[in-house]
Amino acid sequence: MAYIFSHHKENLPILKIADALYADEEIANPVAAARNLIWRLRALFKEEWGELGNTFLVTKGSDYRWNEEISLSLDSEQMEILNREAGAAETDEIKMEKYMQAATLYAGSYMEGYDDMCWGAYPSAYYHTMYLQIVKKLAVLLEQHGRYEEMQRVMETALSREQLDEELYVYFIRALAKLGYVGMAFEEYKKATAFLYENLGYTSMEQLRELYDELMEQMHEEQSDMQIILDDLRDDLEKGAFLCEYGVFKKIYQLEVRRAERIGMSVFLSLISIRIQKGRENLTEEEKAKALVRSMKKLQGVLVSSLRSGDVVARCSGSQYMLLLPTCQYETAKKVMERIENAFYRHSRERYISIEYHLEGLD
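> Would you take a moment to explain the overall build of the protein for this structure?
In terms of regular secondary structure, the protein is built from 14 helices and 8 strands. What you see for the protein is a C-alpha radius of gyration of 29 Å, clearly larger than the 21 Å of a compact globule of 363 residues, by over 25%. Dimensions of the protein, computed from the C-alpha atoms along their principal axes, are close to 90 × 55 × 30 Å. Expressed as a percentage of the 363 residues in the protein, the buried residues total 41%. In the protein, once contacts between residues fewer than 6 apart in sequence are set aside, the share between residues at least 24 apart is 64%. When the accessible surface of the protein is summed, it comes to about 21,100 Å², and 49% of that surface belongs to carbon and sulfur atoms. Looking at charge distribution, the protein has the averaged site of its 44 positive side-chain charges lying 5 Å from that of its 61 negative ones.

> Looking at this structure, I do not really get unusual backbone geometry. What am I missing?
Working note: non-glycine residues mostly have negative phi, and peptide bonds are mostly trans. For Met 111, which is not glycine, the phi torsion reads 50° and is therefore positive. When you line up the elements, Met 111 lands in the loop between α5 (92-105) and α6 (118-144).

> I tried to follow a negative patch on the surface on my own but got confused; where do I start?
On the surface, Glu 206, Glu 210, Asp 213 and Glu 217 cluster together into a patch of negative charge. Relative to the elements of secondary structure, Glu 217 occurs in helix α10 (residues 206-222).

> Hey, could you run me through the side chain of Ser 354 in this one?
Along the polypeptide, Ser 354 turns up in strand β8 (residues 353-362). Sequence-distant contacts of Ser 354, that is, excluding residues within four places in its chain, are made with Ser 273, Ile 274, Arg 275, Gln 277 and Tyr 345.

> Help me understand the pairing of strand β7 (residues 320-326), please; the structure alone is not making it clear to me.
Note on strand geometry: in a regular strand, side chains alternate between the two faces of the sheet. Most of β7 sits inside the fold, with 7 of its 7 residues counted as buried. Burial along β7 is two-sided: the face carrying Gln 320, Met 322, Leu 324 and Pro 326 and the face carrying Tyr 321, Leu 323 and Leu 325 are both buried. Here 7 bridges tie strand β5 (residues 267-276) to β7, and the two strands are oriented antiparallel to one another. Opposite Leu 271, over in β7, you have Met 322 as the bridge partner. The antiparallel hairpin formed by strand β6 (residues 312-317) and β7 contains 2 residues in its connecting segment.

> What am I meant to see in the pairing of β6 here?
The element β6 is extensively covered by neighbouring structure, given that 6 of its 6 residues are classed as buried. Pairing between strand β4 (residues 242-244) and β6: 3 bridges, direction parallel. Within the sheet, the bridge partner assigned to Leu 243 lies in β6 and is Val 313. The pairing of β6 with β7 spans 5 bridges and is antiparallel.

> Where do I start with the state of the cysteines in this structure?
Covalent bonding between the sulfur atoms of two cysteines defines a disulfide. Per the stated rule, a full pass over the model turns up 0 disulfides. Counting only cysteine sulfurs, Cys 316 is the nearest neighbor of Cys 244, a cysteine outside any disulfide, at a range of 11 Å. With relative accessibility at 12%, the residue Cys 244 sits in the buried group.

> Looking at this model, I keep getting lost on the packing of aromatic side chains. Mind explaining?
Evaluation of the coordinates by the stated rule reveals 13 aromatic pairs. With centroids separated by 5.4 Å and ring planes inclined at 90°, the aromatic side chains of Phe 5 and Trp 66 adopt a geometry described as edge-to-face. Of the two residues, Phe 5 sits in helix α1 (residues 2-6) while Trp 66 sits in strand β3 (residues 63-66), which places them 61 residues apart along the sequence.

The rules behind these values
Residues numbered from 1 in each chain as written. Predicted model: local features only at pLDDT ≥ 70, side-chain atom pairs only at ≥ 80, totals over all residues. Heavy atoms only, no water. Helix = DSSP H or I, 4+ residues; strand = E, 2+ residues; numbered from the N terminus. Rg over C-alpha atoms; globule rule 2.2 N^0.38 Å. Buried < 20%, exposed > 50% of the residue type's maximum accessible area, 1.4 Å probe, protein only. Contact = heavy atoms within 4.5 Å. Areas by Shrake-Rupley, 256 points an atom, 1.4 Å probe, with all protein chains shown as cover. Lys, Arg positive; Asp, Glu negative; His and termini not counted. Charge placed at Lys NZ, Arg CZ, Asp CG, Glu CD. Patch = residues over 30% accessible without salt bridge, like charges linked within 9 Å, V, L, I, M, F, W, Y side chains within 5 Å. Salt bridge = Lys/Arg side-chain N within 4 Å of Asp/Glu carboxyl O. Pairing = 2+ DSSP bridges. Disulfide = S-S within 2.5 Å. Phe/Tyr/Trp six-rings, centres within 6.5 Å; stacked < 30°, edge-to-face > 60°.

Now the structure itself:
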């Protein structure tokens, strides 16, 4: 029934139906099995709708199709129509209304339960992509018209259905900031970057990093009282290395390069990477991913506790950290990295995980 509904505008030869339903199964006579299913489907239609049910499916030779005189509407098709209408609308109000209706129609995977079959996979991906495009266009319009609460709700729903799209996080966090929830926006930013690092291993998230700068500017604009700023600067002052976001690391790096040029001090930059050793083909991808997450957390703890308070640490990908070691000679920097390496191996239980580092002096 799901297959026929999905293809209700087409003629469906029995061979095509059999191939779609049993492509991944070993069946002696797939055509006979498909005919049996159609017979059972017709019986179900008749049981539910009486004699009218007998008219739902039309047979012509070995082809089947849905009776065009029986109205059949799919929410996926309505979403597609609304998307086109929104794109052609002359005013933003109509566009937002149409996009909102289209987004509301999307309730998850197309023909859920069959989206892993060959005939369901493509439309599932197609409508999912369309949904993401719709909510992003809607977010832009809602932001332009100051409708931030709706923007937040739309993005929350979208993120519950797609957690690996950086743009969705950007719109969601921006909506929070526009509503005045800057602290909450910062927390969501941290969660988003950590999640994307762990699941995608992103080395570059430019949109989120640009948003981070916007949040910083907004926070500074709101804090005009000197005592408030001083209290905020002193808040949560921790011991050990300074752990920060990559965007902050970049600014500190630029500052240290300028300082090094001015006073002639040496500064070293180190990239430290976690690797899964070769010869571990017995590990599943899920086991490798979990081991990597555990090891990155362990490495972060080692870095913060092993380095000086003037050293700076930032995560730059799913398996790498960057270290900035100011006022440090090469021999000292190398000993620091060896100490980190030894501490990591001493505390790590993942015997098939190794770390490697590259040390570079800044001219």
